Amino acid sequence: MKDFRLRQVHLDFHTSPLIPDVGAKFDKKAWQETLKLGHVDSITVFSKCHHGFSYHPTKVNTMNPTLKFDLLKAQLEACEEIGVRAPVYISAGFDEKDAVEHHDWVRVNPSDIGKAPDFTQAGYHLMCFNTAYLDKLIAEIEEVMVNYNPCEIFLDIVGEPMCCCEKCCADMTAAGLDYNNLKDVEAFGKKVYRNYLDRVEEAVHKHNPETIIFQNSGHVSKGRPDLIDTIECLELESLPTGGWGYDHFPMSAAYARTKRDCFLGMTGKFHRTWGEFGGFKHPNALRYETALSLAEGGGCSIGDQMHPEGLLNKSTYGLIGKAYAEVEAKEPWCKGARYIADIAVLAAECIKGRDEGGWYDAGANRILLETNRLYNFIDLDEDFTKYKMLILPDIWKFDERLKSKINDYLAKGGKLLLSGVSGLDDNNEFCVDTGVKFIGENEFRPTYFIPEFDTVNGKTEYLMRAVNYRFDNIDAEIVANGQNPYFNRTAEHFCSHQHAPNDRSLTYPTAAIKGNIAYIGWDIFRGYAESGDFHIKELVAYVIERLMNGDFTIESSVPDKGIVTLLQQNDRKIVHLLYVHTTVRGKDTEVIEDVVPLYNVNVSVKCDKPEKVILVPQNEEIDFTYADGKVSFTVPKVEIHQMISIE
Ligand SMILES: [Zn+2]
């Protein structure tokens, strides 16, 4: 692996050309001292920002009009002197200067065909990579490669476009495609983006094959390995308070680590998100977010934006330093460590796309996260037999390839959880032996769930808003039943403020287990993502426990809001325990401020008998017992994050 740093800063520097004296206060010593204050070992520096100006002399673009020297070179030299890595940032998708000068290079939404770009609102315009803009961008990249030979080029605001600019429409017509048909526009956009990726790779690697390329689209799409085939290290943009939420990064990491050994969790120092001058989060939030990256098997990146005058903010790097001093101390137990997963979720995003598929995946992610299971999100290329259990959430009808992979997996003893229409073929017959016969989608909604196992609130009828699918039992064990409401709520018949109560005249099976296969007859994962009802999680958690039958690699007393992960580093296992409480402040910002520690957390891990169990990085040995192939110990205190090395 190339030089992989765990304490990175993604420094934004999108600076209006109307602001005077850009970079005038840059000072090498101050820059170096501030980075040291932040315990930073890698920081992006800017070639070109979203406004479209370069921060260095250029023959192919225009330098920022109020910058008087080669700021990029000065920053690169300052970093090199203190051993800080410095990827070079180039804004690809936004270039406002070029958008203003070349309206025909601006991307046009399919709904705006023939319209000129709108410059009446503040904000950037997306550029079309199918125009001469791409040639100019490639020249900018090559100029940076020739003049600065950076370790990494970071290209931002990219992805497959849906563009109907004049050039795209003409090219689609010439290729026999219809630009009024969104499917054709999408297919054409894929080709345009592929060409962009290939040209960037050529432009970078012809000058230095060792230079890393990163293409940032804000999300690593599950099931699209072709979009990351030129990327060695994935950077997972996920600012918990910037719209991503605290559950996004664990899910994103759970997929990224199946595709690459090297990935970063990118959060921000901001109260909310990018571009927020003067916004700060509490240090405890950054301590948690960076620890979470380590726990999920990644490195850390923190977003910041520098003031136009060119000075890094001391308060910001004091804040970052509180988190990164801890990361630095933890690194010896994190570098090269590989996450251990018991369960894999075949990501719905692979076939339903991010907007729709994301709902099913979010439900599965939250249930596994909140029940502290070890899991990955996978695509169809993954080797299923690496996992003890496979979850196919709600939407996975089988084709021949999936059927064959699943049969092979089951033959090797794998355990399978299906829900919704997962496991069915096109004739609505189950492709594996679930012990039940599928009937079809239930016309009633909502329905009611009746557990045939112990639940916190006891046996009763629980509301299920998700789509229900009816089935008949053949020879499975029924672990949950269901009832319909008296009627669906319509103008002709309704009851009370919401839905009608359960009608006891008919009870039917809703969840079944046969051998290593379980089926739940609801879109249960989407249901949990949408409503978060506790009893939905109870049903899924029960079925998972039944299938796993005590074979979890780790079990602990960490509560639902906590995080438990396990990584293998050489011959030792590293347990990560995390806990914070979040609170919504302002309209909708979920913040972390004060720390509430956990005390006396019980952990047991399946492994060979160890010689010692050590709290790290404190290097304090703790007592343990070993029985039935499991080491068990009690961690006296978890204050945000505690690692335990089993050696
Ligand atoms: Zn276009």
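Heads up: the structure comes first, above all this text.
Here the structure is a predicted model, which is why all the values come from computation and not from measurement. (Residues numbered from 1 in each chain as written. Predicted model: local features only at pLDDT ≥ 70, side-chain atom pairs only at ≥ 80, totals over all residues. Heavy atoms only, no water.)

With 22 residues, helix α11 (residues 349–370) should cover 32 Å at 1.5 Å per step; its first-to-last C-alpha distance of 21 Å lies more than 12% under that length. For α11, the principal kink sits at Asp355 and spans about 105°. Those residues of α11 not exposed but buried are Glu349, Gly357, Gly358, Tyr360, Asp361, Ala362, Gly363, Ala364, Asn365, Ile367, Leu368 and Leu369. Within two residues after α11, Asn372 carries a phi angle of roughly 55°, on the positive side. (Helix = DSSP H or I, 4+ residues; strand = E, 2+ residues; numbered from the N terminus. Expected span 1.5 Å × (residues − 1). Bend = angle between axes of the 7 residues up to and from the residue. Buried < 20%, exposed > 50% of the residue type's maximum accessible area, 1.4 Å probe, protein only.)

Turning next to helix α8 (residues 248–259). Its 12 residues give α8 an end-to-end C-alpha distance of 17 Å, which sits within 8% of 16 Å, the value for a rise of 1.5 Å per residue. Within α8, 11 of the 12 residues are buried, which leaves the element mostly enclosed by the surrounding structure. Taken together, the buried positions of α8 are occupied by His248, Phe249, Pro250, Met251, Ser252, Ala253, Ala254, Tyr255, Ala256, Arg257 and Thr258.

What follows deals with the coordination of the zinc ion. The protein atoms that coordinate the zinc ion are Cys128 (SG), Cys163 (SG), Cys165 (SG) and Cys168 (SG), at distances of 2.2 to 2.3 Å. Each of the 4 donor atoms bound to the zinc ion contributes to angles spanning 103 to 114°, and the resulting shape is tetrahedral. We note that the donor set of the zinc ion lies within a single chain, spaced as C-x34-C-x1-C-x2-C. This pair shows no difference in class: Cys163 is buried, exactly as Cys165 is. (Donors = N, O, S within 2.8 Å, 3.2 Å for Na, K, Ca; no water. Tetrahedral: all angles 85-135°; square planar, octahedral: opposite > 155°, others 65-115°.)

Within a pair of aromatic rings, the relevant descriptors are the distance that separates the centres and the angle that separates the planes. Applying the stated criterion across every chain yields a total of 25 aromatic pairs. Pairing Phe94 with Tyr124 gives two aromatic rings, centres 5.2 Å apart and planes at 35°, and the pair type is tilted. With Phe94 in the loop between β4 (88–91) and α3 (96–101) and Tyr124 in the loop between α3 and α4 (132–148), the pair connects residues that are 30 residues apart, well separated along the chain. Judged by its relative accessible area of 17%, Phe94 falls in the buried class. (Phe/Tyr/Trp six-rings, centres within 6.5 Å; stacked < 30°, edge-to-face > 60°.)

Across the interface, helix α13 (residues 524–531) lies against helix α14 (residues 534–548) with an axial gap of 9 Å and an inter-helix angle of 145°. Here α13 runs over α14; the crossing is left-handed. Contact residues: Ile524, Phe525, Gly527, Tyr528 and Ser531 in α13; Ile536, Lys537, Leu539 and Val540 in α14. (Axes fitted to C-alpha atoms, helices over the stretch in contact; angles between N-to-C directions. Left-handed = near helix turned anticlockwise from the far one by under 90°. Contact = heavy atoms within 4.5 Å.)

We now examine unusual backbone geometry. Of note, the amide linkage connecting Arg445 to Pro446 takes the cis form, showing an omega dihedral of 5°. Along the chain, the position of Pro446 falls in the loop between β15 (436–441) and β16 (447–451). The residue His39 is not glycine, and still its phi comes out positive at about 55°. Take His39: it is sitting in the loop between α1 (28–37) and β2 (42–43). Of note, the phi angle at Asn549 is positive, near 50°, even though the residue is not glycine. Inspection of the secondary structure assignment puts Asn549 in the loop between α14 and β22 (554–556). Residue classification places Asn549 among the exposed positions, given a relative accessible area of 65%.

To continue, consider the pattern of salt bridges. Here the structure, examined in full by the defined rule, presents 50 salt bridges. Among the salt bridges present, the one from Lys48 reaches Glu140, with a minimum N-O distance of 2.9 Å. Within this pair, whereas Lys48 is found in strand β3 (residues 45–48), its partner Glu140 is found in helix α4, the two being separated by 92 residues in sequence. The pair formed by Lys48 and Glu140 is uniform in burial state, with each residue classed as buried. The closest approach of N and O atoms between Glu461 and Arg504, which form a salt bridge, is 2.8 Å. Separated by 43 residues along the polypeptide, Glu461 in the loop between β16 and β17 (462–464) and Arg504 in the loop between β19 (477–483) and β20 (508–514) bring together distant segments of the chain. Under the relative-accessibility criterion, Arg504 is labelled exposed at 58%. (Salt bridge = Lys/Arg side-chain N within 4 Å of Asp/Glu carboxyl O.)

Geometry only, nothing functional implied.
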